[in-house]
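Structure at a glance
One letter stands for each residue in the lines below.
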Amino acid sequence: MTRLEHTVLVVDDEPFVLKLLTRQLQNLGARQVVAVGCATEALALLRAAPPLPEIPAADGAATPAGASIGLVFCDLQMPDMDGVEFIRHLGEAGYQGDLVLISGEAPRIVQTAVRLARAHGLSVLGALDKPVSPEQLRQLLDGPRTPAPPRHANSPRPSKVQADELPRALAQHEFVNHYQPKVELATGRWVGVETLVRWQHPVHGLVSPDQFIGLAEEQGLIGELTRQVLRRALRDSREWTSQQRHLQVAVNISMDSLSALDFPDQIAAEAAAAGVALSSLVLEVTESRLMAHPLATVDALTRLRLKRVSVAIDDFGTGHSSLTQLRDIPFDELKIDRSFVHGAWRDASLRSIVESSLGLAGQLGMSTVAEGVEDEADWQLLRQAGCQLAQGYFIARPMPAEELDAWQLRWATRAAWLTGR
């Protein structure tokens, strides 16, 4: 077990637990185990230890025991410094090894601590209940390593682009559409796409929307950007229809666009000019900030529904998206955010949120889409739970329109196997 080649640090205020874990780890092949009874001492040892080597020795020789700490076992309930505070210090110190939480606390507390540690950029192998059994420990150490997320992953990345570049980019049509397929979970059938805009920047290459959407809103240019994205999506939709491929095309809409009372008429005019039925269009709304003009927004969304345009509440359960919006706005599609979907098969809290969202949508007569389907376990859980549509990297990454044909051929074989058809 390569995880046990480096020093293992066990932190717990119970002497019996320290002795038990030390013996179990030694039986599994740990070269050196250091057991300490308080978090303060553990932090001092971590700060004094050399960092983990980035690559193995060229001759394949094992790293000398004690040279670095590659694995930490930490109790959550300790008197001098609790496990949550210890986790925060580990993150601030840039600890690069693996972390295992051990606790007798309620599962939800432990799960929250695991998510918190990962948010600090730590690689968490998992959590073990006290008393730790040898078999549970073995399975945990034999399991795959999940790469730690970037530190402060939820914070906006510094933008590579400047606001004053946007007018030129719009004038020169540097923004391009990528499409992420949506498929039916019951049948695997491809039924739609979500349109995701990218900036083909002359210097920085393909730039993701989190780098420029906020700038466009601040500069009052989001309307023009939306028009360009919508026109291209409608043009592609018409092409797909001519090929007898009837897909629903979703386009993300800013709250700023919805504050214009004539926005529904603009949408209808664009669809008519492209020769596309309004019923094939889905507008996805994410309320990432409070509505500046709530009455105008509800007015526009209601008129869009009267025109038979589908309206989806995106990233449901995050930001300002809430039950109030489901009450006040006639959404007909609910998109469950990826933060609840991925890993729900192994997390009871996430699974409850997903199942409750599906039940709520069903009672309101709304269709359901799960975002962030990353593996087969995600897929199978959602299929069993009765979710209708799915999208995510397990199915396909966003891609240019010209790559969809090749993807469909690959997906057809995979979908047949997944659904037993």
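Residues numbered from 1 in each chain as written. Predicted model: local features only at pLDDT ≥ 70, side-chain atom pairs only at ≥ 80, totals over all residues. Heavy atoms only, no water.

**A few points about helix 11 (residues 294–306)**
Across its 13 residues, helix 11 extends 18 Å between first and last C-alpha, which sits within 8% of the 18 Å expected from 1.5 Å per residue. Of the residues trailing helix 11, R308 is marked for its positive phi of about 75°. (Helix = DSSP H or I, 4+ residues; strand = E, 2+ residues; numbered from the N terminus. Expected span 1.5 Å × (residues − 1).)

**A look at the confidence of the model for the protein chain**
Summing up the model confidence of the protein chain, the mean pLDDT is 88 and the portion of residues at 70 or higher is 90%. Low pLDDT, under 50, characterises residues 55–66; the predicted model gives this stretch 11 contacts beyond four residues in sequence or across chains. With pLDDT under 50 throughout, residues 151–155 is counted as low confidence; its partners more than four residues away or in other chains account for seven contacts. (pLDDT = per-residue confidence, 0-100. Contact = heavy atoms within 4.5 Å.)

**Description of the pairing of strand 5 (residues 123–129)**
Successive residues of a regular strand alternate their side chains across the two faces of the sheet. For strand 5, a buried count of five out of seven residues is recorded, marking the element as mostly surrounded by other parts of the structure. Across six bridges, strand 4 (residues 98–103) lies against strand 5 in parallel orientation. Looking at the pairing, V100 lines up with G126 of strand 5. With helix 4 (residues 107–119) bridging strand 4 and its parallel neighbour strand 5, the resulting β-α-β unit is right-handed. (Buried < 20%, exposed > 50% of the residue type's maximum accessible area, 1.4 Å probe, protein only. Pairing = 2+ DSSP bridges. Right-handed = clockwise from strand over helix to strand, strands pointing away.)

**Points about helix 2 (residues 39–48)**
Regarding helix 2, the residues found buried are A39, A42, L43 and L46. In an axial view of helix 2, the angular spread of the buried residues amounts to 100°, which keeps them on one side of the axis. Those residues of helix 2 hidden inside the fold are in contact with strand 1 (7–11), strand 2 (33–36), strand 3 (69–75) and helix 3 (83–93). (Arc of directions from axis to C-beta.)

**Some thoughts on the packing of helix 15 (residues 376–385) against helix 16 (residues 404–419)**
The relative placement of two packed helices comes down to the angle between their axes together with the axis-to-axis distance. Relative orientation of the contacting elements helix 15 and helix 16 amounts to 55°, with a least axis distance of 12 Å. Between helix 15 and helix 16, the angle is such that the two are oblique. Crossing handedness for the pair helix 15 and helix 16: right-handed. Between helix 15, through E376, W379, Q380 and R383, and helix 16, the contact on the second element is made entirely by W411, W417, L418 and T419. Tallied by class, the residues present in the contact of helix 15 with helix 16 amount to four nonpolar, two polar and two charged. (Axes fitted to C-alpha atoms, helices over the stretch in contact; angles between N-to-C directions. Parallel < 35°, antiparallel > 145°, perpendicular 65-115°, else oblique. Left-handed = near helix turned anticlockwise from the far one by under 90°. Nonpolar A, V, L, I, M, F, W, Y, C, P; charged D, E, K, R; others polar.)

**Section: the side chain of D75**
Looking at the element boundaries, D75 is found in strand 3. In this structure the side chain of D75 is engaged in a polar contact, spanning 3.5 Å, whose partner is the backbone nitrogen of Q77. Of note is the side chain of D75, whose polar atom sits 3.2 Å from the side chain of K130. With residues up to four places along the chain from it excluded, the contact list for D75 reads V11, D12, D13, G83, I102, S103 and K130. (Polar contact = N/O pair within 3.5 Å; in protein donor to acceptor, adjacent residues only side chain to side chain.)

**Topic: the environment of A93**
Tracing the chain through its elements places A93 in helix 3. Look at A93 and you get exposed, because its relative accessible area is 56%. Separated by 46 residues in sequence, A93 and R47 have C-alpha atoms that sit 7.8 Å apart.

**Considerations on unusual backbone geometry**
Each neighbour pair has its own omega, and for K130 with P131 the value is -10°, a cis peptide bond. In this structure, P131 sits in the loop between strand 5 and helix 5 (134–142). Its identity as a non-glycine residue notwithstanding, H173 has a phi of 55°, on the positive side. Considering the arrangement of structural elements, one finds H173 in the loop between helix 6 (166–171) and strand 6 (175–184). The phi angle at D315 is positive, at roughly 55°, despite the residue not being glycine.

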